[in-house]
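Structural characterization, general
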Amino acid sequence: MPRCQAPRGTRDLLPAERAAFARLERIALDLATRYGYQPVETPLFEQSEVFERAVGAATDVVEKELFRVHAGRGDSERERWALRPEPTAGIVRAYVQHGMQNLPQPVRLTLTGPMFRYDRPQAGRYRQFWQFDVEAIGDPGPGIDAEIVELGARFFREAGLRDVVVRLNSIGDGDCRPAYVERLRAYFAGHADRLPALERERLAADPLRLLDSKDPLMQALIAEAPTLTEDLCPACAGHFAGVRAHLDALGVEYQLEPRLVRGLDYYTRTAFEFFRPLEAGAQQALGGGGRYDGLVELMGGRPTPGIGFGLGLDRVVLALAAQGAEAPPAPHVTVVVVSADPADTVTRLRVATDLRAAGLAARADLAQRKLSRQLEGAARDRAHFAVICGDELSHGQVQLKDLEAGTQRPVNVADLARELLRAEGQHRHGPA
Ligand code: AMP
């Protein structure tokens, strides 16, 4: 048993798995760029207040799962910090802090990175996980709502994941939600004897939260709970109709899910989630998002609408594997530089360094071992070429061995990088 292990609920992403994440990150960045969303980074931790305000003090994410950070003793900057459980709060904090309200609106931003929740670890639920996030701040919609839902659906499609379902709802606003919340309160209060203790506590603070309960005992009650759809105020009903009309025009399929709420306080109007069906009628959430028209103001900015989503990359990687998708290859070098003289690591390293400087992925064999062993190592690394340095080097030549074709020929060192780049290009795109 090794002395130290990765903390419970976290994983090391070893090269094969890191390659699967890197592929998703590339797809995410490429898509976000095509849609005009600019990458930003915010700190991995913020003042806890950022999350308490934005996400809501009575939510699972803050109440049970916030990963609080305590600075070392004697730290004069000691504050109450927390690792970010989700990206929106930090991005909106940055939007307000940096006066992005004065830029042309909406401001389209994207971030992909780790999030932290102090949750009970289980399959697909980690204490550190990755999200691909987009936010459009400063546009009341409904067009932008559809743009964002469509972007999310396209992400899953480009990742190669089948059967992802979009669930859509409107959770109203300050005009129509309060009456609905009271109807919900009355409904759940009428079934108080069937409520688990935690849900009974929450009923007083926020009955909406009960709709989001993962407790299996709650599912039958939730299925019968009143919905808001018929009682949306005219502005919210019009907005929701607009979102659906835009999605219909784009050909994005969705299911209306009148009891879908999101576990965070800041959502208004549009709420959506991406699901994947599992065995036996179960399903897995792959991501979700919604509109947060009150959040910028809550963070101290001018009243400004916004909408975004966060998609869980860990679950996408797992889902792709479960679907039997071929894992992307871990990156490997094109060339390995070997030599007949086991001791001559200087030459091998020098030649490899020149190739790297020319833009090739090259490794020098730095073990002092026989040529045949060095070549075996090159094949094991799945390198396409081996450059063999020997006596001919005094005449400015090396042997270039094509490990895939099994052929070998002398090449002038001065031409080596060019030859390899040309061969690599032909290999990638086929002969001209
Ligand atoms: P949420 O904001 O909780 O709806 O999270 C959005 C997405 O992030 C979920 O649909 C998951 O794909 C992913 N996610 C949330 N929490 C975790 C976790 N603890 N471990 C792995 N993925 C998570």
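Note that the structure is a prediction, hence the values are computed from the model and not measured.

1. Points about the site of the ligand
Not every one of the 13 residues close to the ligand is listed here, only the nearest: Arg-117, Tyr-126, Gln-131, Arg-262 and Gly-287. Taking Arg-262, its side chain carries an N or O atom lying 2.9 Å from an oxygen atom of the ligand. Here an oxygen atom of the ligand and a backbone polar atom of Ala-285 are 3.4 Å apart. Isolated, the ligand exposes 470 Å² of accessible area, and the fraction of that covered by the protein chains is 91%. Residue assignment for the shell around the ligand shows that the elements contributing at least two residues are strand S6 (128-137), strand S10 (283-291) and strand S11 (306-312). When residues of the shell around the ligand are assigned to their parent elements, the largest contribution, three residues, is made by S10. A breakdown of the residues in the shell around the ligand according to their chemical character gives four nonpolar, five polar and four charged.

2. Some points on the packing of helix H5 (residues 143-159) against helix H12 (residues 313-322)
Each pair of packed helices gets described by two things: the angle between the helix axes and the distance between those axes. It is the contact of H5 with H12, at a shortest axis distance of 11 Å, that shows an interaxial angle of 40°. With respect to H12, the axis of H5 lies oblique. The handedness of the crossing between H5 and H12 comes out as right-handed. Facing H5, whose interface residues are Phe-155, Phe-156 and Ala-159, H12 presents Leu-313, Val-316 and Leu-320. Here the residues of the contact of H5 with H12 are counted per class, giving six nonpolar, no polar and no charged.

3. A few points about the packing of aromatic side chains
What the rule picks out here adds up to 10 aromatic pairs. Ring centres of Phe-45 and Trp-81 lie 5.5 Å apart, and the angle between their planes is 65°; on these two criteria the pair is classed as edge-to-face. Here Phe-45, found in strand S2 (residues 45-47), pairs with Trp-81, found in strand S4 (residues 81-83); they are 36 residues apart in sequence, far enough to count as distant. Under the relative-accessibility criterion, Phe-45 is labelled partly exposed at 39%. Both rings, one in Phe-67 and one in Tyr-118, keep their centres 5.3 Å apart while their planes meet at 85°; by these two values the pair is edge-to-face. Highlighted residues: Phe-67 in strand S3 (residues 67-69) and Tyr-118 in the loop between strand S5 (107-116) and S6, separated in sequence by 51 residues. Residue Tyr-118 is classed as partly exposed on the basis of its relative accessible area of 44%. Taking NZ or CZ as reference, Arg-127 lies 4.2 Å from the ring centre of Tyr-118, over its face. Residue placement shows Arg-244 over the ring face of Phe-240; its charged tip is 4.6 Å from the ring centre.

4. A few points about helix H7 (residues 197-205)
An α-helix turns once every 3.6 residues. As a result, residues three or four positions apart point the same way. If you check which residues of H7 are buried, you get Glu-199, Arg-202 and Leu-203. Viewed end-on, H7 has its buried residues packed into an arc of 115°, placing them on one side of the element. Exposed residues pointing more than 90 degrees away from the buried face of H7 are listed as Ala-197, Glu-201, Ala-204 and Ala-205. Buried residues belonging to H7 abut helix H3 (60-63), helix H6 (177-189) and helix H8 (208-211).

5. Points about the nonpolar core
In this structure, Tyr-37, Phe-132, Phe-155, Phe-188 and Leu-211 are the most contacted members of the largest nonpolar core, which totals 93 residues. In terms of residue count, the dominant contributor to this core is H5 (nine residues). Apart from the residues within four sequence positions on either side, Phe-132 is in contact with Ala-28, Ala-32, Thr-110, Leu-111, Thr-112, Leu-151, Phe-155, Phe-309, Gly-310, Leu-311 and Leu-313.

6. What to know about the packing of H5 against helix H10 (residues 234-250)
The interhelical angle for the contact between H5 and H10, taken along N-to-C directions, is 45°, at an axis separation of 8 Å. When the axis of H5 is compared with that of H10, the two are oblique. The two elements H5 and H10 meet at a crossing, and its hand is right-handed. Between H5 and H10, the residues in contact are Gly-143, Asp-145, Ala-146, Val-149 and Glu-150 and His-239, Val-243, His-246, Leu-247 and Leu-250, respectively. Grouping the constituent residues of the contact of H5 with H10 by class yields five nonpolar, three polar and two charged.

Rules and cut-offs
Residues numbered from 1 in each chain as written. Predicted model: local features only at pLDDT ≥ 70, side-chain atom pairs only at ≥ 80, totals over all residues. Heavy atoms only, no water. Near = heavy atom within 4 Å. Polar contact = N/O pair within 3.5 Å; in protein donor to acceptor, adjacent residues only side chain to side chain. Areas by Shrake-Rupley, 256 points an atom, 1.4 Å probe, with all protein chains shown as cover. Helix = DSSP H or I, 4+ residues; strand = E, 2+ residues; numbered from the N terminus. Nonpolar A, V, L, I, M, F, W, Y, C, P; charged D, E, K, R; others polar. Axes fitted to C-alpha atoms, helices over the stretch in contact; angles between N-to-C directions. Parallel < 35°, antiparallel > 145°, perpendicular 65-115°, else oblique. Left-handed = near helix turned anticlockwise from the far one by under 90°. Contact = heavy atoms within 4.5 Å. Phe/Tyr/Trp six-rings, centres within 6.5 Å; stacked < 30°, edge-to-face > 60°. Buried < 20%, exposed > 50% of the residue type's maximum accessible area, 1.4 Å probe, protein only. Lys NZ or Arg CZ within 6 Å of the ring centre and 35° of its normal. Arc of directions from axis to C-beta. Core = buried A, V, L, I, M, F, W, Y, C linked by side-chain atoms within 4.5 Å.

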